[in-house]
Structure formats: structure tokens, C-alpha cells
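# Fold and geometry: a report
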Amino acid sequence: MSIEYAIIVKNKTRLEALIERFNTKAQAKFYIESLGGNFDDYVLEHETFHYELVQLQTRLSKVVKNKTIERQFLPSFLFSDNNLIVVIGQDGLVANTAKYARGCPIVAVNPDKDRYDGVLLPFDTSNFLIGVEQVVSKNFQSKTMRFAQAKLNDGQRLLAFNDLFIGASTHVSARYKITFNTLSEEHSSSGLIVSTPAGSTGWLSSVFNMAYGVAGMFEKI
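Right, let's walk through the structure included here.

A few words on the nonpolar core. Membership of the largest hydrophobic core comes to 17 residues, with the highest contact counts inside it found for L56, L60, L84, V86, V107 and F128. Elements with a contribution of two residues or more to this core: β1 (5–10), α3 (39–61), β3 (83–88), β4 (106–109) and α5 (128–136). Looking at this core element by element, the count peaks at 4 residues for α3. Apart from the residues lying within four places of it in its own chain, the contact partners of L60 are A6, I8, N66, V86, F128, L129 and V132.

In this section: unusual backbone geometry. Positive phi values are uncommon outside glycine, yet R102 reaches one of about 55°. Take R102: it is sitting in the loop between α4 (91–98) and β4. For R102, a relative accessible area of 62% corresponds to the exposed category. A positive phi angle, close to 60°, is found at K138, a residue other than glycine. By relative accessible area, which is 57% here, K138 ends up exposed.

Turning next to the pattern of salt bridges. Opposite charge on two side chains permits pairing when their charged atoms draw close. Across all of its chains, the model carries 7 salt bridges by this definition. Across the pair E70 and K10 runs a salt bridge, and its minimum N-O distance is 2.6 Å. Here the residue E70 occupies a position in strand β2 (residues 66–70), and K10 occupies one in strand β1, the gap between them amounting to 60 residues. No difference in accessibility class separates E70 from K10, as the two residues are buried. One salt bridge connects D112 with R115, and the closest N-O pair in it is separated by 3.2 Å. According to the relative accessible area criterion, R115 is partly exposed, its value standing at 28%. Connected via shared salt-bridge partners are R14, D41, E45, D112 and R115.

Once that is clear, we can look at the sheet that holds β2. Strand pairing in a sheet is mediated by backbone hydrogen bonds. Such pairs are either parallel or antiparallel. What the 4 strands build is an open sheet, ordered β2-β1-β3-β4; its pairing is parallel. Two strands lie at the open edges of the sheet, namely β2 and β4, each paired on one side alone. Ignoring which end each strand starts from, the neighbouring axes of this sheet average 25° apart. In this structure, β1 lies alongside β3, joined through 5 bridges in parallel fashion. Considered in β3, the bridge of V9 is made with V87. Those strands touched by α4 are β1, β3 and β4, and its axis lies near 155° from that of β3.

This paragraph deals with the layout of surface pockets. Estimated volume of the largest pocket: approximately 1100 Å³. Taken together, 37 residues line the largest pocket, and the ones lying closest to its centre are P105, I106, S142, K143 and M145. Only α4, β4 and α5 provide two or more residues apiece to the lining of the largest pocket. Put simply, the second largest pocket is a space of about 280 Å³. What lines the second largest pocket is Q149, A150, K151, L152, Q156, R157, L158, L164, F165 and I166. For the lining of the second largest pocket, the elements supplying multiple residues, two or more each, are β5 (148–151), β6 (157–160) and β7 (163–166). The residue inventory of the lining of the second largest pocket, partitioned by class, reads 6 nonpolar, 2 polar and 2 charged.

To continue, consider α5. Buried within α5 we find F128, G131, V132 and V135. Within α5, the buried residues cover an arc of 100° as seen down the axis, which keeps them to one side. Where the residues of α5 are buried, they touch α3, β3 and β4. Backbone geometry just after α5 places K138 at a positive phi near 60°.

Quick notes on the rules
- Residues numbered from 1 in each chain as written.
- Predicted model: local features only at pLDDT ≥ 70, side-chain atom pairs only at ≥ 80, totals over all residues.
- Heavy atoms only, no water.
- Core = buried A, V, L, I, M, F, W, Y, C linked by side-chain atoms within 4.5 Å.
- Buried < 20%, exposed > 50% of the residue type's maximum accessible area, 1.4 Å probe, protein only.
- Helix = DSSP H or I, 4+ residues; strand = E, 2+ residues; numbered from the N terminus.
- Contact = heavy atoms within 4.5 Å.
- Salt bridge = Lys/Arg side-chain N within 4 Å of Asp/Glu carboxyl O.
- Pairing = 2+ DSSP bridges.
- Axes fitted to C-alpha atoms, helices over the stretch in contact; angles between N-to-C directions.
- 1 Å grid on protein atoms, 1.4 Å probe; cavity = no way out; pocket = protein on both sides within 12 Å on 5 of 7 lines; lining within 4 Å.
- Points joined across faces, edges and corners; volume = space filled by probe spheres on them.
- Nonpolar A, V, L, I, M, F, W, Y, C, P; charged D, E, K, R; others polar.
- Arc of directions from axis to C-beta.

Nothing here speaks to function; it is geometry throughout.
Following this line, the structure appears as C-alpha cells:
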């Protein structure tokens with residue numbers, strides 16, 4: 001089916017979230033500076049993002065009709081087969097959007113290369129139309145990503161693009177048994193991280209780096 005509509009997915013900036021929490025920009029500034037933070041960095045991030053967002057919306061409108069939605073509405077938004085999704089934000093927003101994309105192609109845009117590594121963000125606002133036009137013309141390469149699935153014995157299920165944390169929400173230590181095929185082991189810890197290939201460079205990588213660092217420290221003693 002041909003692409004008839006593009007859905008731009010964005011998230012609130014840190015500044016917008018603070019103003020929503022504290023009602024005014026002045027109160028948000030007082031809160032950040034009272035904690036020793038640099039409020040100017042929040043303002044710069046906000047201004048950079050919205051400048052890039054306007055650039056994206058303006059350029060995209062010349063190719064295909066579009067509308068913008070906030071991340072918070074993703075769980076209830078119904079994507080259709082004739083939608084193209086354009087995500088502008090951090091890597092985590094791409095991963096979160098993918099859970100609800102229902103097979104729609106995603107073009108991921110990095111709004112601030114100085115701030116975000118952009119492992120899942122191959123485009124910026126100067127070249128993202130290349131990806132959009134390839135999708136519209138059905139001449140594009142895509143990668144199918146596998147999700148991790150957690151399933152409870154009461155029928156509830158949860159899908160994860162990056163990883164799942166299995167454990168108590170308070171992170172207190174718990175005893176549990178891990179079974180795979182015919183093998184079983186008893187364990188006690190605050191929980192398990194189950195990672196997908198897409199998430200292996202994120203949280204799981206951080207855990208490994210931390211473990212290697214701790215091991216290296218004790219090996220020197």
C-alpha cells in the first residue's frame with residue numbers, strides 16, 4: 001500500500017517536562033540551579049530540538065502530509081498500513097515507538113548530534129528526506145527486529161524492543177529458579193535483564209562494562 005501520511009513522533013524536552021512539573025520556567029530554573037545544575041543547558045537543548053523539529057516538519061510537508069504526536073500517546077495511537085513514522089529524538093524514543101509501529105517503516109532522525117550518540121538514528125534533518133523518499137517509492141532497505149516477550153501464568157504479556165527487567169519493582173533481593181530446556185539453576189538477586197540484539201549496546205552493555213570494571217579492580221589488589 002502507498003504511503004499517504006507521515007506520523008512524526010516526538011518527546012517533551014527536559015525543559016518542557018520541568019515546566020509541566022513546576023508550572024513556570026522561573027520555578028524550573030530555581031529547582032535546577034538549587035541542585036547545582038546548569039539551567040542554560042536545558043534551555044539550549046530545548047531551543048535546538050524545536051529548531052530541528054520545525055526544519056523537519058517544513059521539509060517533510062513538501063513530500064507527504066503529516067502530523068505530530070507526543071510519545072505519551074503511542075500506546076493508544078492506531079497506525080495504519082499507509083503510514084510512515086518519522087521519529088525525532090533519542091535512541092530510546094525509536095525503541096519505544098517500534099513497539100507500537102505495527103510493521104510501519106520508521107525513519108529515525110537525530111535532532112542534536114552533539115548531544116546524542118544516535119546508534120538508532122541514522123538521519124538528521126538535512127538528509128532524512130532521502131529515507132522518506134525511498135520509503136514512499138518503495139525502494140528502501142529495512143531491518144526486521146525481534147522483540148523479547150515476557151509472559152505471566154495469568155495470560156498477561158509484555159514486549160520489549162531493547163530489554164526486560166524481571167524482578168521486584170523495589171529491586172530488593174529475591175530467590176528464583178531459571179529453567180532452560182532441561183537445565184535449572186537456583187538464584188538470588190535483585191532481578192534479571194533479558195536483552196534483545198537491539199538492546200545489547202544499551203543497558204546490557206553498561207552492566208557488562210561495570211562488571212568488567214569491578215573485576216579489574218579486584219584483580220589489581
